[in-house]
Amino acid sequence: MALSAEQKAFFQEYGYLKYDKRVLSENEITALQQRSEAIVAGRLNHLPPRFIQLEAKFRNGDDPNTEMLDKVRKMTQLCYFDDLFGAVAKKAAIVDVIEDLIGTNIKLYTDQLMMKPRFNGTVTDWHQDSVAWPMFAPQEHVSCWVALDDATVDNGCMTVIPGSHQWGPISREYRDVFLANPLLAQPTPVEIKAGYCMFHHGLNFHRTGANSTASRRRGLALHYIRAETMYMGVADEEARLLTECEKPRGEFRFMLIRGQECPGRV
Ligand SMILES: O=C(O)CCC(=O)C(=O)O
């Protein structure tokens, strides 16, 4: 067991856990930062452009005065395309905790390197991850969010609503009504030092603020599911290519992290 009984009970009650153990060394952080910078700058091109998204204000044209690193909002599926990021998704220090939370057969659904660039990083508004991914049944993800820079309130750290996962999936049209309900706990910011992480339940409401500071706030979100999960596919072809890493229809398998494949499942 990686988690104490208290930590596990905290996660079950509040839907998140700020983890007290370091999961990346200084050297690993530096290597991951440099790798992300090389990809963004185009010095490495093993991540297809489809998986690199700019902040909205840079999507409609050139802005030669802003360096790319200050324009990219996120990169997805790095763990599938890049060895260094893939190794983070398989790290025992992280996966041992995931096993405590979801069981022994573990797959990675997806990963997002949220770049939250200095000066330009925008808000990621309140959401439940599992609701955004209705093609899985049951809709139960557990995520590990690893800080690659110090994440603070000022540069847009994660903020959670403790216990919100206990209310189940809330459809988007009811989100604001739900969030205004006084039965909910107060939003709680979770500041995290580089190399440390937090875990959150797929139904926990969370958001991150804008980053108007001069310090970067990169965070790697690793989204895990049970290998027993049913995958119902994605009809829209563009969305499917993103989900299934550009593989031809029928050829993609989600990444087995630990335990066994379950025939007919993800
Ligand atoms: O890092 C961010 O800005 C957002 C992360 C997030 O929403 C998640 O990990 O689910």
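Overview of the structure. Model, not experiment: these values are computed from the prediction.

Cut-offs and rules
- Residues numbered from 1 in each chain as written.
- Predicted model: local features only at pLDDT ≥ 70, side-chain atom pairs only at ≥ 80, totals over all residues.
- Helix = DSSP H or I, 4+ residues; strand = E, 2+ residues; numbered from the N terminus.
- Rg over C-alpha atoms; globule rule 2.2 N^0.38 Å.
- Buried ≥ 20, exposed ≤ 12 C-beta atoms within 10 Å, placed from the backbone.
- Contact = placed C-beta atoms within 7 Å.
- Pairing = 2+ DSSP bridges.
- Axes fitted to C-alpha atoms, helices over the stretch in contact; angles between N-to-C directions.
- Near = placed C-beta within 6 Å.
- Nonpolar A, V, L, I, M, F, W, Y, C, P; charged D, E, K, R; others polar.

### Comments concerning the overall build of the protein chain
On a plain count of helices and strands, the protein chain comes out with 8 helices and 14 strands. Here the C-alpha radius of gyration of the protein chain, 18 Å, is about what a compact globule of 266 residues would show, namely 18 Å. Taken along its principal axes, the extent of the C-alpha atoms in the protein chain is 50 × 45 × 40 Å. A buried classification covers 39% of the 266 residues belonging to the protein chain. Of the contacts formed within the protein chain by residues at least 6 apart in sequence, a portion of 88% connects residues at least 24 apart.

### A closer look at the sheet that holds strand 9 (residues 188–190)
Strand order in the open sheet made by the 4 strands is 5-11-8-9, with antiparallel pairing throughout. In the strand order of this sheet, the two ends are held by strand 5 (124–127) and strand 9, each with one partner. Here the strands of the sheet are splayed against their neighbours by 20° on average, with no regard to which way each runs.

### Overview of the site of the ligand
In the region of the ligand, the neighbouring residues are Met-114, Lys-116, Thr-124, Asp-129, Ser-143, Trp-145, His-206, Thr-208, Gly-219 and Ala-221. Contributing elements (two or more residues each) for the shell around the ligand: strand 7 (142–147), strand 11 (206–208) and strand 12 (219–226). Classifying every residue of the shell around the ligand by side-chain character gives 3 nonpolar, 5 polar and 2 charged.

### Brief notes about helix 5 (residues 92–102)
Within helix 5 the residues assigned to the buried category are Ile-94, Val-95, Val-97, Ile-98, Glu-99, Leu-101 and Ile-102. Next to the buried residues of helix 5 lie helix 1 (5–14), strand 4 (106–114), strand 7, strand 10 (197–201), strand 12 and strand 14 (255–258). Gly-103 sits one or two residues past helix 5 and shows a positive phi near 105°.

### Some thoughts on the environment of Asn-204
Among the secondary structure elements, Asn-204 is positioned in the loop between strand 10 and strand 11. Separated by 16 residues in sequence, Asn-204 and Leu-220 place their C-alpha atoms 18 Å apart. Setting aside chain neighbours within four positions, we find Asn-204 in contact with Gly-15, Tyr-16, Gln-128, Val-160, Ser-164 and His-165.

### What about unusual backbone geometry?
Residues Ala-137 and Pro-138 are joined by a peptide bond in cis, for which omega reads -5°. The topology assignment puts Pro-138 in the loop between strand 6 (136–137) and strand 7. For Phe-119, which is not a glycine, the phi torsion comes out positive at approximately 70°. The topology assignment puts Phe-119 in the loop between strand 4 and strand 5. A residue is classified by how many C-beta atoms lie within 10 Å of it, and Phe-119, with 13 of them, is partly exposed. Here the phi dihedral of Glu-246 falls at roughly 65°; this positive angle occurs in a residue that is not glycine.

### Section: the environment of Thr-110
Positionally, Thr-110 belongs in strand 4. Sequence separation between Thr-110 and Leu-222 is 112 residues; the distance between their C-alpha atoms is 6.5 Å. Setting aside its immediate chain neighbours within four residues, Thr-110 contacts Thr-76, Gln-77 and His-223.

### Overview of the environment of Trp-167
Take Trp-167: it is sitting in the loop between strand 8 (158–160) and helix 7 (175–179). The partly exposed category is assigned to Trp-167, around which 16 C-beta atoms lie within 10 Å. As a C-alpha pair, Trp-167 and Asn-204 span 37 residues in sequence and 9.1 Å in three-dimensional space.

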